[in-house]
Amino acid sequence: MNLLVTGCYGQLGRELQRLASNNFEHQWFFTDVDSLDITDPDAVERCFSEHRIGVCINCAAYTAVDKAEDEPDIAARVNTLAPQILAEACLRHDALLVHLSTDYVFDGNGLSPYQVDDPVNPQSVYGSTKAEGESLIRESGCKHVIVRTAWLYSSTGKNFVKTMLNLGDTRPEINVVNDQRGCPTWAHDLAQAIVTLIDHYGTEPVYETFHFTNEGNITWYDFACAIMEIGGKHCKVNPITTDQFPSKAHRPAYSVLDLNKIKTYTGMEIPFWRDSLVKCIEEIIKNI
Ligand SMILES: NC(=O)c1ccc[n+]([C@@H]2O[C@H](COP(=O)([O-])OP(=O)(O)OC[C@H]3O[C@@H](n4cnc5c(N)ncnc54)[C@H](OP(=O)(O)O)[C@@H]3O)[C@@H](O)[C@H]2O)c1
C-alpha cells in the first residue's frame, strides 16, 4: 500500500519515519509543509494522484495551544480546513484517512476517563479547531480512523520532557502544576499503534474514532518529578495550582482518555507511561 505522511518533521512524523525505515511492507511518502501544504487542495490532489495514495496519515497540525488564542484563523486553516481537504481527497481516491486529534476536545470537567463517544466541549481555540476537524472528516463519508492522543513527547521537537530536562540542568528548583491530570504519550508508541491500526484495517471500510495514550495517568507535577528522577537531575519540583501559573489558553483539569476501545478492537498492549518515559530519556541522553 502507498502511505502518505503529512507533517513528517513533527514529533509523530519523525517517529513514523523511524518505523518506516524497518517497514518494507508499505511504500511511504513523507511530506511536510515545504513539500505538501495540506491547506492547498490542488497540491493535495496532485500528491494523491501521482503516488496513488491508499492511506494518508495526517500528522500535520497547528499545535501551539496558547498562540492559537491569538491566531484562530491560522489554527483553523490547518486543524479544520486541511483535514476536510484531506478527507475529500481520500473519498475521491477510496483511501483511508488516519487523523490525529486531542484530549483538548473535552472540557476536562470529568471525573472518570473520557470514552470515545463522550460529548466534546472544547475550551480553547486549539481544542475547538481540532474538534471541528474531526466532525468534518466524519461528515465527509471518507474511510477514516481518528486517533485522539494527549501529552505527546519524543526525543525530537519541543516538548515537556525536554523542557524539564533542560530546566533540571539550569535551575535549582521549579514550580509545576499539580491539579491537571492526564496521560503522557511517547510518540514512538503512538506511531507503532498507528501502524497496527493500518495493518488491522487494511483496505476495509472503517469509520472509527479511538483513544491512544500510554497507560496510567498523572499530573504535570508527577510527570516533572519522574523526568528529574529518571534523568538524574537534582532540581527540586514544587507543586502549584493552575491559578498560580496562568496561561493564555484554558487547559483541561482532567483529560484522561479511556483506552479500552483500541485495546479491544486491535488486541494491542499499551506500554505504561513510566516505562516509555525511561526509554525516551535514554534516547535523549544518548543523542546529546
Ligand atoms: N503535541 C501534543 O502534546 C499533542 C497532544 C494531543 C494531540 N496532538 C496531536 O497529535 C498530532 C501530532 O502532533 P505533534 O506533536 O507531532 O505535532 P508537531 O510536532 O507540532 O508537528 C506538526 C507538523 O505539521 C507541520 N505543519 C503545520 N502546518 C502545516 C501545513 N499547512 N501543511 C503541512 N504540514 C504542516 C508542522 O510544521 P511547522 O513546525 O513548520 O509548523 C510540523 O512539522 C497533531 O494532530 C496534534 O494535534 C498533539
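This text goes with the structure placed above it.
Residues numbered from 1 in each chain as written. Predicted model: local features only at pLDDT ≥ 70, side-chain atom pairs only at ≥ 80, totals over all residues.

A few points about the environment of Ser135
Tracing the chain through its elements places Ser135 in helix H4 (residues 125–140). Sequence separation between Ser135 and Pro83 is 52 residues; the distance between their C-alpha atoms is 9.7 Å. (Helix = DSSP H or I, 4+ residues; strand = E, 2+ residues; numbered from the N terminus.)

Section: helix H7 (residues 220–231)
Here H7 contains 12 residues, and its C-alpha end-to-end distance of 16 Å stays within 8% of the 16 Å for a straight helix at 1.5 Å per residue. The set of residues buried in H7 consists of Trp220, Phe223, Ala224, Ala226, Ile227 and Met228. Of the surrounding elements, those touching the buried residues of H7 are helix H5 (160–170), strand E7 (173–177), strand E11 (218–219), strand E12 (236–240) and helix H9 (273–287). Looking one or two places after H7, you find Gly232, whose phi comes out positive at around 70 degrees. (Expected span 1.5 Å × (residues − 1). Buried ≥ 20, exposed ≤ 12 C-beta atoms within 10 Å, placed from the backbone. Contact = placed C-beta atoms within 7 Å.)

Remarks on the site of the ligand
If you check the shell around the ligand, you find 25 residues, and the closest are Gly7, Gly10, Ala60, Ala61 and Leu100. Elements represented by at least two residues in the shell around the ligand include exactly helix H1 (11–20), helix H3 (72–93) and strand E4 (96–102). Residues that form the shell around the ligand fall into these classes: 13 nonpolar, 9 polar and 3 charged. (Near = placed C-beta within 6 Å. Nonpolar A, V, L, I, M, F, W, Y, C, P; charged D, E, K, R; others polar.)

Examining the sheet that holds strand E2 (residues 27–30)
Sheet strands associate in pairs through backbone hydrogen bonding, adopting either a parallel or an antiparallel arrangement. Overall, parallel pairing links the 6 strands, which are arranged E2-E1-E3-E4-E5-E10 in an open sheet. Where the open sheet ends on each side, the last strands, each with one partner, are E2 and strand E10 (207–211). When the angles between neighbouring strand axes are averaged without regard to direction, this sheet yields 15 degrees. Where strand E1 (residues 2–6) meets E2, 4 bridges bridge the pair, whose relative direction is parallel. From the neighbouring strand, Val5 faces E2, where its bridge partner is Phe30. The strands touched by H3 within the sheet are strand E3 (55–58), E4 and strand E5 (143–149), with E4 carrying the most contacts at an inclination of about 160 degrees. (Pairing = 2+ DSSP bridges. Axes fitted to C-alpha atoms, helices over the stretch in contact; angles between N-to-C directions.)

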